[in-house]
Amino acid sequence: MELQQMRYVVAIAETSSFTRAAERCLVVQSALSHQVARLERELGARLFDRTSRRVRLTPAGEAFLPAARQCLDAAERAAAEVAAAVGEVRGRLAVGLIPTVTAADVPAALREFHDRFPPVRISLRVGASDDLIEQVRDGVLDVAFLGLPTTARPSGVAVHELARGHLIAVVAPDHPLAGETTVELRRLASEVFVDLPAGTAGRAQSDQAFAAAGLDREVAYEVTSADYIARLVGPGLGVAMLPSGYAPQLTGVVTIEITDAPARVEYVIWAAANPTPAASAFVALLGIDAAAVSGSR
């Protein structure tokens, strides 16, 4: 069993095509097909069902794929560690972030990182804070930028606090509150809300604030994108609460300070033990002394 054979299997599984997999792997299709057939004979099982219309994994292929990915990741990590030992940063840098992160200019940081370490393959994933924490713990992501309520802190990862802020109200331009400079949670509780899905860290900031004030509210619209929240608020379908640092990017809505606003904390996290050379280099580029980070496990 060879690493190249595993790369071919992963490429076929991700593209659902021998032709596209061969193009991705920069090899002729006949060579790719021959190597996969050799691997299947060695394993004693077919990994793919092939028809004229589609290619899909067999149950044996489904079982093989996660381990193949782990082997490829381990091989890449080994090569990166050797390169790091001689002063070179290689491998991959997988970064995750929430849409509303404002405490760090992530695109600028990625650009600077690419300029310094061009051999590193960079990928970016946008998601919810809780999912990003789990993905860093599992090694799917190397670094992630989060926003959490002050009552929560990431566990099982190295943690560096970037900034603290608060939420502000977002309303339609013709909303009765649009002319106000401040508003209380009690007044907002009578409104229909647009918010993130229940159970997410972003939603928890608002839910906890209303619960602490002994208030109920109606969340009629649940969306996963902060931009789409504003698109629903603008026509007057509801009101929302978003981070104060993010709100200036919005158009077509009015923002109002909340006198008893929920607080939030933005963090950057990475693997608590044995981070990849690329992750360590990226954290250092952010001006963070990873060795001085405490309470990370």
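Heads up: the structure comes first, above all this text.
Notes on the structure in this doc start here. This structure is a prediction, so every number in the text was calculated from the model and none was measured.

Glancing now at the side chain of E266. With respect to the helices, strands and loops of the structure, E266 is situated in strand β12 (residues 263–271). A relative accessible area of 4% means that E266 is categorised as buried. A polar contact of 3.1 Å, which involves the side chain of E266, links it to the backbone nitrogen of T102. When neighbours within four sequence positions are excluded, E266 is seen to be in contact with T100, V101, T102, A103, L146, G147, H160, E161, L162 and A163.

This part takes up the packing of helix α2 (residues 18–25) against helix α3 (residues 29–43). At a minimum axis separation of 9 Å, α2 and α3 run at an interaxial angle of 105°. Comparing their axes, α3 and α2 come out roughly perpendicular. Contacts from F18, T19, A21 and A22 in α2 reach Q29, L32 and S33 in α3. Its residues assigned to classes, the contact of α2 with α3 shows four nonpolar, three polar and no charged.

Looking now at the packing of aromatic side chains. A full pass over the atoms with the stated rule returns five aromatic pairs. Residues F145 and F282 carry aromatic rings whose centres are separated by 6.3 Å and whose planes lie at 90° to one another, so their mutual orientation is edge-to-face. Taken together, the residues F145 in strand β5 (residues 143–149) and F282 in helix α10 (residues 277–285) connect sequence positions 137 residues apart. On the basis of relative accessible area, F282 is assigned to the buried category, the value being 0%. Every member of this aromatic cluster is reached through a ring pair, and the members are F113, F117, F145 and F282. The ring centre of F193 lies 4.6 Å from the NZ or CZ of R217, which sits over that ring.

All right, on to a negative patch on the surface then. Together, D130, D131, E134 and D138 make up a negatively charged patch on the protein surface. Checked against the element boundaries, E134 lands in helix α6 (residues 129–137).

Attention now goes to the side chain of T200. Residue placement: T200 occurs in the loop between β8 (192–195) and α8 (201–212). For T200, a relative accessible area of 19% corresponds to the buried category. At 2.8 Å, the side chain of T200 forms a polar contact with the backbone oxygen of P197.

Let's shift gears to α6. Those residues of α6 not exposed but buried are S129, L132, I133, Q135 and V136. The arc enclosing the buried residues of α6, seen along the axis, measures out at 165°, which places them on a common side. Looking at the buried positions of α6, the neighbouring elements they touch are β3 (92–97), β4 (121–126), β5, β6 (157–171), α8 and β12.

Once that is clear, we can look at the nonpolar core. By size, the foremost hydrophobic cluster in this structure holds 40 residues, and its most contacted members are L93, F113, V143, F145, I269, W270 and F282. Those elements that place two or more of their residues in this core are β3, α5 (106–116), α6, β5, β6, β12 and α10. Of all the elements, α10 adds the most residues to this core, at six residues. Counting residues in hydrophobic clusters, the runner-up holds 20 residues, among them M6, Y8, I12 and L72.

The subject of this paragraph is the environment of A158. Among the structural elements, A158 can be located in strand β6. For the pair A158 and Y267, spaced 109 residues apart in the sequence, the C-alpha separation amounts to 10.0 Å.

Rules behind the numbers
- Residues numbered from 1 in each chain as written.
- Predicted model: local features only at pLDDT ≥ 70, side-chain atom pairs only at ≥ 80, totals over all residues.
- Heavy atoms only, no water.
- Helix = DSSP H or I, 4+ residues; strand = E, 2+ residues; numbered from the N terminus.
- Buried < 20%, exposed > 50% of the residue type's maximum accessible area, 1.4 Å probe, protein only.
- Polar contact = N/O pair within 3.5 Å; in protein donor to acceptor, adjacent residues only side chain to side chain.
- Contact = heavy atoms within 4.5 Å.
- Axes fitted to C-alpha atoms, helices over the stretch in contact; angles between N-to-C directions.
- Parallel < 35°, antiparallel > 145°, perpendicular 65-115°, else oblique.
- Nonpolar A, V, L, I, M, F, W, Y, C, P; charged D, E, K, R; others polar.
- Phe/Tyr/Trp six-rings, centres within 6.5 Å; stacked < 30°, edge-to-face > 60°.
- Lys NZ or Arg CZ within 6 Å of the ring centre and 35° of its normal.
- Patch = residues over 30% accessible without salt bridge, like charges linked within 9 Å, V, L, I, M, F, W, Y side chains within 5 Å.
- Areas by Shrake-Rupley, 256 points an atom, 1.4 Å probe, with all protein chains shown as cover.
- Salt bridge = Lys/Arg side-chain N within 4 Å of Asp/Glu carboxyl O.
- Lys, Arg positive; Asp, Glu negative; His and termini not counted.
- Charge placed at Lys NZ, Arg CZ, Asp CG, Glu CD.
- Arc of directions from axis to C-beta.
- Core = buried A, V, L, I, M, F, W, Y, C linked by side-chain atoms within 4.5 Å.

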